[in-house]
Amino acid sequence: MNSQADTFSHLSFIILSLAFIAVAPYYFSDYGMDIINQIAIFIILAVSYNLINGVTGQFSLEPNGFVAIGAYVAALILLSPEAKVDQFSLEDPSSFVLAIHSTSFIFALFMGGLCALILSFILSFAVFRVRGDYLAIVTLGFGIIIKLLAINFPSITNGSLGLNNLPRYTNLWWSGGVAIVVVLLILNLVYSKYGRAMKAVRDDEDATSAMGINTFWIKSLAFGTSAFCEGVGGALLACFYASVSPEQFDFLLTFQLLIIIVLGGLGSTSGAIIGAVLVIGGAEWLRFLDEPMNFFGYETEALPGLRMLVYSLILILIMLFARRGIMGDKELLELFKFKRKSK
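Parameters and conventions
- Residues numbered from 1 in each chain as written.
- Predicted model: local features only at pLDDT ≥ 70, side-chain atom pairs only at ≥ 80, totals over all residues.
- Heavy atoms only, no water.
- Helix = DSSP H or I, 4+ residues; strand = E, 2+ residues; numbered from the N terminus.
- Rg over C-alpha atoms; globule rule 2.2 N^0.38 Å.
- Contact = heavy atoms within 4.5 Å.
- Areas by Shrake-Rupley, 256 points an atom, 1.4 Å probe, with all protein chains shown as cover.
- Phe/Tyr/Trp six-rings, centres within 6.5 Å; stacked < 30°, edge-to-face > 60°.
- Buried < 20%, exposed > 50% of the residue type's maximum accessible area, 1.4 Å probe, protein only.
- Expected span 1.5 Å × (residues − 1).
- Salt bridge = Lys/Arg side-chain N within 4 Å of Asp/Glu carboxyl O.
- Axes fitted to C-alpha atoms, helices over the stretch in contact; angles between N-to-C directions.
- Parallel < 35°, antiparallel > 145°, perpendicular 65-115°, else oblique.
- Left-handed = near helix turned anticlockwise from the far one by under 90°.
- Nonpolar A, V, L, I, M, F, W, Y, C, P; charged D, E, K, R; others polar.
- Polar contact = N/O pair within 3.5 Å; in protein donor to acceptor, adjacent residues only side chain to side chain.

Visitor: Give a detailed account of the overall build of the protein, specifying residues and quantitative values.
Guide: Each helix and strand counted, the protein has 16 helices and four strands in total. A globule of 343 residues ought to have a C-alpha radius of gyration of about 20 Å, and the protein, at 21 Å, matches this closely. Considering only C-alpha atoms, the protein reaches an extent of 70 × 65 × 35 Å along its principal axes. Taking the intrachain contacts of the protein between residues at least 6 apart in sequence as the baseline, contacts between residues at least 24 apart amount to 79%. For the protein, the exposed surface amounts to about 17000 Å²; the carbon and sulfur share of it is 68%.

The following block contains the structure:
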């Protein structure tokens, strides 16, 4: 991509995003703002997951594990020692848990991402010894292990009871601002020489290795970047819900993110953003279908579950007519350039 076009598109994205964040509270209710906050957080998770799964082509099923690490690390940092003593009822909190505390939200976000990053590099030595379906199984097992550890170490995580009464720092400025930074980070990485190497690994790992590229380092870079952003997203999620529990981080979270990136288009950062808006926003905006409705004077009864039925049908139709997702592996700017050249 041309550097001038990159700069212009990035500046346009930043200005439009900040303008939306600034005016959104005047046009949306508190409920609407909560939905937009969730969308922003899932944009962070989706574009970072798309980096390892779509751009690098590694079928990884680990996001719920890294999101959980970021959430628990941030929660343990932000909770005061007194609050931990009050909440830990299964076992007394360990001395280490009582010792870590800070009121800095930025520090909690960074540490949540850093802990996920460190663990990702440790896992890389085992995870990337296998490929394809075996890689999916290994990373799926990692997510399950993290959830089980959260349940079975009550002196650190308070077990199945989780951690509550977290400071609700996450607002649209935080979630939206971090989403802007993460999207720009991922785009700059994708269009760098490392991003081209990641795409080469996706297309043919053996040929890439034969050309002298260290495929293990490239996959680890994608894995670590994805893990860091997912950890930060987990910390934002914890301070949005003001609570953390193991049930929040089961495989359904990973499955939801997988739907988002496949729907948007594997390998497309723009597609991951569009997919997050459609999947997270669509599921909430269709809630009126579960309630009683009036059709030309005829009052229907409430039909719980109709929302998810219609929502699933919409997803099926989109995938039937867009086999490679909404964006394929293209970005919005590339489509605009193509249209301009074709005229």
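Visitor: Help me get a handle on the packing of aromatic side chains, residues and values and all.
Guide: Considering all chains together, one arrives at eleven aromatic pairs under this definition. Considering the side-chain rings of F66 and F142, the 5.0 Å spacing of their centres and the 50° angle between planes classify their relative orientation as tilted. Linking F66 in helix 3 (residues 63-78) with F142 in helix 7 (residues 132-152), this pair joins segments that are 76 residues apart in sequence. Each of the two residues, F66 as well as F142, counts as buried. Between F125 and F216, the ring centres sit 5.3 Å apart and the planes meet at 45°, which makes this aromatic pair tilted.

Visitor: I'd like to hear about helix 13 (residues 251-264), residue by residue, with values.
Guide: The terminal C-alpha atoms of helix 13, which comprises 14 residues, lie 20 Å apart, in line with the 20 Å expected from a rise of 1.5 Å per residue. Those residues of helix 13 that sit buried are L253, T254, L257, L258, I260, I261, L263 and G264. Check the buried side of helix 13 and you find it contacts helix 2 (30-55), helix 3, helix 14 (269-285) and helix 15 (306-321). Phi for G265, located one or two positions after helix 13, is positive at around 120°.

Visitor: Give a detailed account of the pattern of salt bridges, specifying residues and quantitative values.
Guide: According to the stated counting rule, one finds five salt bridges in the structure shown. With a closest N to O distance of 3.6 Å, E205 and R131 form a salt bridge. Of this pair, E205 sits in helix 11 (residues 205-210) while R131 sits in the loop between helix 6 (105-127) and helix 7, placing them 74 residues apart in sequence. Looking at R131, the relative accessible area reads 42%, which means it is partly exposed. Among the salt bridges present, the one from K219 reaches E205, with a minimum N-O distance of 2.8 Å. Of the two residues, K219 is situated in helix 12 (residues 215-241) and E205 in helix 11; the sequence distance between them amounts to 14 residues. Relative accessible area serves as the criterion here: at 2%, K219 is assigned to the buried category. Here the salt bridges share partners, and the residues they tie into one network are R131, E205, D206 and K219.

Visitor: Please provide a residue-by-residue account of the packing of helix 2 against helix 9 (residues 172-190), values included.
Guide: Where helix 2 meets helix 9, the axes come as close as 9 Å, and the angle between the chain directions of the two elements is 20°. It follows from the interaxial angle that helix 2 and helix 9 lie roughly parallel. With respect to the hand of their crossing, helix 2 and helix 9 are arranged in left-handed fashion. For the pair formed by helix 2 and helix 9, the contact residues are M33, I36, N37, A40, I41, I43, I44, V47, S48, L51 and V55 on the first element and L172, S175, G176, V178, A179, V182, V183, I186, L189 and V190 on the second. By residue class, the composition of the contact of helix 2 with helix 9 is 17 nonpolar, four polar and no charged.

Visitor: Go over the environment of D92 with me, naming the residues and quoting the values.
Guide: For D92, the location among the structural elements is in the loop between helix 4 (81-87) and helix 5 (95-99). You can call D92 exposed: its relative accessible area is 64%. In this structure the C-alpha to C-alpha distance between D92 and P154, which are 62 residues apart in sequence, comes to 8.1 Å.

Visitor: Requested: an account of the side chain of T225, with residues and values cited.
Guide: With respect to the helices and strands, the residue T225 is situated in helix 12. On the basis of relative accessible area, T225 is assigned to the buried category, the value being 14%. A polar atom in the side chain of T225 sits 2.8 Å from the backbone oxygen of L221. Once residues within four sequence positions are removed from consideration, T225 is found in contact with L51, L185, I186 and L189.

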